[in-house]
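# Results of the structural survey
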Amino acid sequence: MRLLLIGAGGVGQSVSMIIKRAGEQGKWLEKMVVADYNLDRAKEVVNLVNDKRYIAAQVDASSSESIKKLVKEHNITFIMNAVEPSFNETIFDTAFEAGVGYLDCAMTLSHRHPEKPYELPGIKLGDYQFAKHAAWEAKGITAVVGSGVEPGMADVFAKYASKYLFDEIDEVNVRDGDNYVIPGRDLAFGFSIWTTIEECLNPPVIWEKGRGWFCTEPFSEPEIFSFPGGIGDVEVINVEHEEVLLVPRVIDCNRVTFKYGVPRDFRVMLKNLEALGMDSATKKIKVGGTEISPRDFLVKVAPSPLETATIMVGQGCAGTWVTGKKDGLNRSVYLYQVVDNQTCIKKYGTNSVVAQTAVGPVIMLELIATGVWSLPGVHGPESFDPDPFVKRLAAYEFPAGLMEKDSEYQRKIQEKSILATMATA
């Protein structure tokens, strides 16, 4: 694969380092053009990786011509989009025009319902992309959308559960929590500032069979979820996220939700930004001789996640909680992946949030490059066989876990285990 990576931020750096660290496992990559609007940043990542397959380039992600120029110059076969989703439509359409494959970590943006934003969805995440599925399929090229950790790895876990762990699925509930602490800072962004504001302040989406997609208030339906890996109990709340738009398209179930552990003081800060209009990505304000949106201004002045990454300590857990029936018994399972921030800093030079986001796309790119995943059109990760992905998580140093939660099925397993022990005693 000759890959054009658009975006040399935390995710772009992590993708580059994960492939490099994989050694023989990463030989599927023939060439990578690490492209960014900031050429110096692209060069920094290439120098860090120190591999002749990697080349730095300047790109304007808002310009189709700029992207096509690099595709032609380097004979690119696939584009990975690792920039903010505001650029998704341009990059997605350019990949189609150029006849090359496409992958992103977050789908095209949503737009609120003009009259009932906290009841009805307007334009949903990814609607723009899925509307073009037939054209991509007819052209014989693949676009994998929503391919990070959440969405991405979480969707693969849902597919794995439907294939092996359940006869009937009731709910697919993605749950994300952590115990991160940034010493000396009460409030800080651990991931893309732009994306965090977008997904946390938009109306969350829920899907139910018979009702379809509907919206609620931001930060609604708080619950306590107990995470593995020493993280423990975390309060999680509804947040707009792609899994809810992806999973029901492929997996037969009754309900899909996404909840994330956003600390209460962070929620207050986000609501204050909204009240002041500082969350806007569309309104333009004039600063000197330049126009900039309030959100883009915040991205420039707030401490960058790249800066705070080196001092952040703790673990993060991303996973999919699936409930349903197995062998006629109610079952509840959490499939997950835990990362430690300081470990990721040492391995990849980036924080655990972006490293965890990057490993899913890397594995998917390998599976596409080697022909293991082959499906023309526009698809989410749950459209593909989960087995090779799950197997490769450990090879790329991000092993998955499975936790049986209290259920009839779990108690039956324990009962059988006790009886088997007694029989052999």
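One can find the structure itself at the top, above this paragraph.
Quantities reported herein were computed from a predicted structural model and do not represent experimental measurements. (Residues numbered from 1 in each chain as written. Predicted model: local features only at pLDDT ≥ 70, side-chain atom pairs only at ≥ 80, totals over all residues. Heavy atoms only, no water.)

Before going further, it helps to spend a moment on the packing of helix α8 (residues 193-201) against helix α11 (residues 294-301). Between α8 and α11, the shortest axis-to-axis distance is 9 Å and the interhelical angle comes to 135 degrees. Judged by the inter-axis angle, α8 sits oblique to α11. Both α8 and α11 take part in a crossing whose hand is right-handed. Here I193, W194, I197 and E198 of α8 lie close against α11, whose contacting residues are R295, D296, L298 and V299. Of the residues contributing to the contact of α8 with α11, the split by class is five nonpolar, no polar and three charged. (Axes fitted to C-alpha atoms, helices over the stretch in contact; angles between N-to-C directions. Helix = DSSP H or I, 4+ residues; strand = E, 2+ residues; numbered from the N terminus. Parallel < 35°, antiparallel > 145°, perpendicular 65-115°, else oblique. Left-handed = near helix turned anticlockwise from the far one by under 90°. Contact = heavy atoms within 4.5 Å. Nonpolar A, V, L, I, M, F, W, Y, C, P; charged D, E, K, R; others polar.)

Turning our eyes to something else, we now look at the packing of aromatic side chains. A complete count under the given rule lists 13 aromatic pairs for this structure. Judged by centre distance (4.9 Å) and plane angle (50 degrees), the ring pair of Y160 and Y164 falls under tilted. Taken as a pair, Y160 and Y164 lie in helix α7 (residues 153-165) at a separation of four residues, close to a single helical turn. A relative accessible area of 23% places Y160 in the partly exposed class. Judged by its relative accessible area of 37%, Y164 falls in the partly exposed class. A centroid spacing of 4.4 Å and a plane angle of 15 degrees characterise the contact between W373 and F384, whose relative ring orientation is stacked. Here W373 is found in the loop between α14 (352-369) and β17 (377-379), whereas its partner F384 is found in the loop between β17 and α15 (387-395), with eleven residues between them in sequence. Across the pair, exposure class does not vary: W373 and F384 are buried alike. Taken together through their ring pairs, the aromatic side chains of F92, F96, Y102, Y128 and W136 make up a single cluster. Its end group placed over the ring of F96, K139 keeps NZ or CZ at 4.2 Å from the ring centre. (Phe/Tyr/Trp six-rings, centres within 6.5 Å; stacked < 30°, edge-to-face > 60°. Buried < 20%, exposed > 50% of the residue type's maximum accessible area, 1.4 Å probe, protein only. Lys NZ or Arg CZ within 6 Å of the ring centre and 35° of its normal.)

With that out of the way, let us pick up the side chain of E199. On the secondary structure map, E199 appears in helix α8. The contact partners of E199, leaving out residues within four places of it in the chain, are V239, E240 and H241.

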